[in-house]
Amino acid sequence: CCPTVEMDGREWRRELVPQEFDRFGAVVVPPARTSSRRSRGNPVTALRRCLARVERSQTFSITVTSVILLNTAAAYCQADELLLEDDAWDAANAGFATFFTLELVVRLMAHGPDFFCSHDCRESSSTTPEDLFWNYFDLVIVSAGLVQEVVTSTVEDSGQKLGA
């Protein structure tokens, strides 16, 4: 019926449609025609693609993991009242909160609505249920850290000491 081509050790049927094939037998898909307005690209989509590349990079992953470990060590030292004064710890905590907020913003912008939906609730989503759990967990932790920073700053600006 249809001519076959062998690829990956298996035979595949070629459809009888006028198509071009490259030297490996794969179908050559011509670039889609777009209007001149679309060819410039949507800046939001371009930004999301760029942030998605950054978020998937090994450098991003290693940096985030390193800051998490550094934050854990800092929390231990702060709990045991080691190394720094209270004002320095406040500055360090504000720095960690800022970093984790920016990390969350990068991930939210890179994934868009898929950050909150798995494939079960949104057909186009590539987010797994496990990723979805960690996304919500990260959102709650970062939100709690931001609330802590705002409350601490507000109370201290009023001249009171938190916990005293």
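Placed above this text is the structure.
Heads up: these notes are all about the structure in this document. (Residues numbered from 1 in each chain as written. Predicted model: local features only at pLDDT ≥ 70, side-chain atom pairs only at ≥ 80, totals over all residues. Heavy atoms only, no water.)

### A closer look at the overall build of the protein chain
Filter applied, for reference: Only DSSP runs of H or I reaching four residues or more are called helices, and only runs of E reaching two or more are called strands; each is numbered from the N terminus. Throughout, exposure labels follow a simple rule: accessible area from a 1.4 Å probe, protein chains only, divided by the maximum for the residue type, with under 20% read as buried, over 50% as exposed, and the rest as partly exposed. A 1.4 Å probe and the Shrake-Rupley method give the accessible areas. Residues count as covered only by the protein chains that appear here.
Regarding its fold elements, the protein chain presents 5 helices and 4 strands. Overall, the protein chain shows an N-to-C arrangement of helices and strands of β-β-β-β-α-α-α-α-α. The buried share among the 164 residues of the protein chain stands at 21%. About 12,800 Å² of surface is accessible on the protein chain, with carbon and sulfur atoms providing 59% of the total.

### Quick look at the packing of helix α2 (residues 43-56) against helix α4 (residues 86-111)
Basically, it comes down to this: Note on geometry: axes are C-alpha line fits, over the in-contact stretch for helices, and angles between N-to-C directions span 0 to 180 degrees. Oblique is the label for every angle not falling under 35 degrees (roughly parallel), over 145 degrees (roughly antiparallel), or within 65 to 115 degrees (roughly perpendicular). The sense of a crossing depends on the near helix, which, turned anticlockwise from the far helix by less than a right angle, makes the crossing left-handed and, turned clockwise, makes it right-handed. Any two residues whose heavy atoms approach within 4.5 Å at even a single point are treated as in contact. Nonpolar residues are Ala, Val, Leu, Ile, Met, Phe, Trp, Tyr, Cys and Pro. Charged residues are Asp, Glu, Lys and Arg, and all others, Gly as well, are polar.
The geometry of α2 relative to α4 is characterised by a closest axis approach of 8 Å and an angle of 125° between their N-to-C directions. With respect to α4, the element α2 is oriented oblique. Considering only the axes of α2 and α4, their crossing is left-handed. Facing α2, whose interface residues are Leu 47, Arg 48, Leu 51, Ala 52 and Glu 55, α4 presents Val 106, Arg 107, Met 109, Ala 110 and His 111. Classifying every residue of the contact of α2 with α4 gives 6 nonpolar, 1 polar and 3 charged.

### Observations concerning a nonpolar patch on the surface
The condition that has to hold: A residue counts toward a patch only above 30% relative accessible area and without a salt bridge, and it is joined to like-charged neighbours within 9 Å or, for Val, Leu, Ile, Met, Phe, Trp and Tyr, to nonpolar neighbours within 5 Å. For this document, the term salt bridge refers to a Lys or Arg side-chain nitrogen within 4 Å of an Asp or Glu carboxyl oxygen.
A cluster of nonpolar residues, Tyr 76, Leu 82, Leu 83 and Leu 84, forms a patch on the protein surface that exposes about 440 Å² of accessible area. Relative to the assigned elements, Leu 84 resides in the loop between α3 (58-79) and α4.

### Topic: the pattern of salt bridges
By the definition in use, this model includes 3 salt bridges. Two residues, Glu 55 and Arg 107, come together in a salt bridge whose shortest N-O distance is 3.8 Å. With Glu 55 in helix α2 and Arg 107 in helix α4, this pair connects stretches of sequence that are 52 residues apart. We classify Glu 55 as buried; its relative accessible area is 18%. As a salt-bridge pair, Arg 107 and Glu 103 come within 3.6 Å of each other at their nearest N and O atoms. In this pair, Arg 107 and Glu 103 are both assigned in helix α4, 4 residues apart and thus about one turn of the helix distant.

### Some details on the packing of aromatic side chains
Each aromatic ring pair is described using two quantities: the centre-to-centre distance and the angle formed by the ring planes. Put simply, the rule reads: By convention, a stacked pair of Phe, Tyr or Trp rings (six-membered ring in the case of Trp) has centres within 6.5 Å and planes under 30 degrees apart, an edge-to-face pair has planes over 60 apart, and any other such pair is tilted.
Applying the stated criterion across every chain yields a total of 4 aromatic pairs. Between Phe 133 and Trp 134, the ring centres sit 5.1 Å apart and the planes meet at 75°, which makes this aromatic pair edge-to-face. Taking the relative accessible area as the measure of exposure, Trp 134 reaches 46% and is therefore partly exposed. Geometrically, the ring pair formed by Trp 134 and Phe 137 is edge-to-face, given 5.5 Å between the ring centres and 90° between the ring planes. Of this pair, Trp 134 and Phe 137 both sit in helix α5 (residues 129-157), 3 residues apart, which is roughly one turn of the helix. Taken together, the ring pairs connect Phe 133, Trp 134 and Phe 137 into an aromatic cluster.

### Let's talk about the nonpolar core
Under the convention used in this document: Only buried residues count toward a nonpolar core, which is a set of Ala, Val, Leu, Ile, Met, Phe, Trp, Tyr and Cys residues joined through side-chain atoms within 4.5 Å.
In this structure, Val 67, Ala 74, Cys 77, Trp 89, Phe 96, Phe 100, Leu 104, Phe 115 and Val 142 together form the largest nonpolar core, which totals 9 residues. Taken together, the elements giving at least two residues each to this core come down to α3 and α4. The leading source of residues in this core is α4, at 4 residues. Discounting chain neighbours no more than four positions away, the residues touching Ala 74 are Trp 89 and Phe 96. Among the nonpolar cores identified, the runner-up in size contains 6 residues, and Leu 51, Val 64, Val 106 and Ala 110 belong to it.

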